[in-house]
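# Analysis of the macromolecular model
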Amino acid sequence: MVNIFDQWLVGNAGDLRLLSAIGIIVHWWILQYTIGLLTMVFIVELVGRRKNDEQLLKMAKSMSKIVAVNFAIGAATGSMSEFGLVIFWPNLLRIVGKFFFVPLYLEIFAFLAEVVFVYMYHYTWDRVDPKLHLTIGFFAALGSIISALMIVSVNALMNYPIGLHPTYNPYGNGAWTAPYFTLIDQNGNTVKYVPDGNNPVPPANLDQLLESTVSYYGIWGLLFSWPAIVSFLHAVGAAITVTSFTLLGIYAYRYLTPRNDEEKEYYMKGIRFQSLFALIIISIQGFIFGHMSGTDVAHYTPEKLAAMEGTTNQFFTFGKIIPTEPLIAFLSYGSFKAKIMNYDTIPEGFRPPIIIHYLYNIKIGTALLLGVDAVILVLYFYILKKQLPTWFIKLQVLTPFAANLVATFGWMVREIGRKPFTVYGLMTSEQAATTQPVSWILIALVIIYVVSLGAITLILDYKIGKRK
Ligand code: HEM
């Protein structure tokens, strides 16, 4: 019987992956709110100024205080993730540093711009002309978005290296076929590189081939490759979606525990605003960006799609209850007759951990529930123009947790689904990793550290949000 956790945390640099996962997830939990709140605060201030609405302006101002705290802690956790990248995965840097250093380098400048504009935005409230203040807010949000673009484009290269052309034919019998890369040699000729499925060690001249391929595509071609753009849109969309549902949940909680009628009215306004915003952003996120992400997975890494959809007879999968395969094949390849790769035909060396099937289905199911929730809210507020039942407002307190689950499981699917590779097809996690062993004491210390940091952030944000 195959272990469901096979290749996940067991073997293949599992302990290092656990440490990296803790760092990256905690960093994401904090930075998503920096991106989301900076975008949200700019929109709320813009609408507030245009409508001359004091309550909206008050909302924007209190959000800007939370951004200031979050940003500082996000910078600390970001350093943790970047140091982790250098220390745990020295050979990954050999690829990224040698062929793709520009985005990581530019990220430093985006980050510096963010530092300046985030704090300038916070300290110039009511002190400078409103138009100038909005302009500062715009640049703060832009800085965070450009920073995300740079980091995500490196992550996209790890998931979808340039020149990758899997040979999988979705109109065949669904069996795995070896993917190959179309690389360019120094004379500009096309060279096919076929990684060996059972022992995916790159050929000796791979560095040379990659070098000429990267110079052929150019740095902008890499930075703005289609998978990089799609990954960036889905990741930034996720940050804004999670922020919107989090604010919805917080306003609902505050509405249920008000200190006076004025506060009740203020928080109801927050719920109304966020419900409309949440519906718009989750629809774009699901129908457009989510669909584009799924299509990229299908075309560039069909093994990952096989694991996500659980096309196996070895495990229990959701497809055995509701057979969705033809629909997913249609959404991925544009035809009901297309076939998703059969997971059981994939050789060990290319097989992503099947756990992503469960993570992905829970992610999509929860995202759908959030979508339905937002539709009901908007229906009540804007179409029926009725009061919401109290039990339904109570339910909104759960939406921040649900939205975080969707985004966190999204990252887990993306990162675990790439295993056993760190750079798909080119470098396994074992090849990328340091050879120094990791002790469980170190892992325990890191867990204690990040839990404390998370608790401090939550307490500070709560106290700031509570102050009038
Ligand atoms: C129901 C609609 C959705 C679909 C079909 C969808 C699809 C996907 C797919 C296929 C991936 C994996 C991409 C990869 O491995 O390259 C992914 C990742 C991800 N998803 Fe979604 N998603 C949906 C909704 C959402 C929502 C609502 C959120 C946020 C609350 C979200 C957050 C994320 C994140 C953060 C990732 C990892 C980063 C990335 O791949 O961009 N997704 N999603």
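Use the structure listed above.
Within the protein chain, the secondary structure is distributed over 15 helices and five strands. Computed over the C-alpha atoms, the radius of gyration of the protein chain is 23 Å, within 12% of the 23 Å expected from 2.2 N^0.38 for a compact globule of 468 residues. Here the protein chain, with 468 residues, has 43% of them falling under the buried criterion. Once local pairs closer than 6 in sequence are excluded, the contacts in the protein chain between residues at least 24 apart make up 79%.

Before going further, it helps to examine the site of the ligand. His-234, Gly-286, Gly-290, Gly-410 and Arg-414 are the nearest of the 26 residues found near the ligand. Put simply, the parts of the chain that give the shell around the ligand at least two residues each are helix H7 (226-256), helix H8 (261-300), helix H11 (355-383) and helix H13 (399-416). Counting residues per element, the shell around the ligand draws most heavily on H8, which supplies nine residues. The residue makeup of the shell around the ligand, split by class, is twelve nonpolar, twelve polar and two charged.

Moving on, we come to the packing of H8 against helix H10 (residues 325-333). Viewed as axis vectors pointing N to C, H8 and H10 meet at an angle of 90°, and their least axial separation amounts to 8 Å. Put simply, H8 runs roughly perpendicular to H10. Contacts between H8 and H10 pair His-291, Gly-294, Thr-295 and Ala-298 from the former with Leu-331, Ser-332 and Tyr-333 from the latter.

Bringing the environment of Lys-363 into the picture now. Here Lys-363 is to be found in helix H11. Sequence-wise, Lys-363 and Gln-387 are 24 residues apart; in three dimensions their C-alpha atoms are separated by 30 Å. Other than its neighbours up to four places away in sequence, Lys-363 contacts Val-406, Phe-409, Gly-410 and Val-413.

Mapped onto the elements of the fold, Val-423 is located in strand E4 (residues 421-423). Distance in space between the C-alpha atoms of Val-423 and Pro-170 is 24 Å, their sequence separation being 253 residues. Setting aside chain neighbours within four positions, we find Val-423 in contact with Leu-92, Ile-95, Met-158 and Pro-161.

Two strands pair when backbone bridges link them, and strand E2 (residues 180-184) and strand E3 (residues 190-193) are joined in this way by four bridges, in the antiparallel orientation. Counterpart to Ile-184 in the pairing with E3 is Thr-190.

Counting 115 residues, the largest nonpolar core has Val-41, Met-63 and Ile-356 as the members making the most contacts within it. Residue contributions to this core peak at 15 residues, all from H7. Contacts of Met-63, omitting those with residues within four sequence positions, involve Leu-37, Met-40, Val-41 and Val-44.

About the thresholds
Residues numbered from 1 in each chain as written. Predicted model: local features only at pLDDT ≥ 70, side-chain atom pairs only at ≥ 80, totals over all residues. Helix = DSSP H or I, 4+ residues; strand = E, 2+ residues; numbered from the N terminus. Rg over C-alpha atoms; globule rule 2.2 N^0.38 Å. Buried ≥ 20, exposed ≤ 12 C-beta atoms within 10 Å, placed from the backbone. Contact = placed C-beta atoms within 7 Å. Near = placed C-beta within 6 Å. Nonpolar A, V, L, I, M, F, W, Y, C, P; charged D, E, K, R; others polar. Axes fitted to C-alpha atoms, helices over the stretch in contact; angles between N-to-C directions. Parallel < 35°, antiparallel > 145°, perpendicular 65-115°, else oblique. Pairing = 2+ DSSP bridges. Core = buried A, V, L, I, M, F, W, Y, C linked by C-beta atoms within 7 Å.

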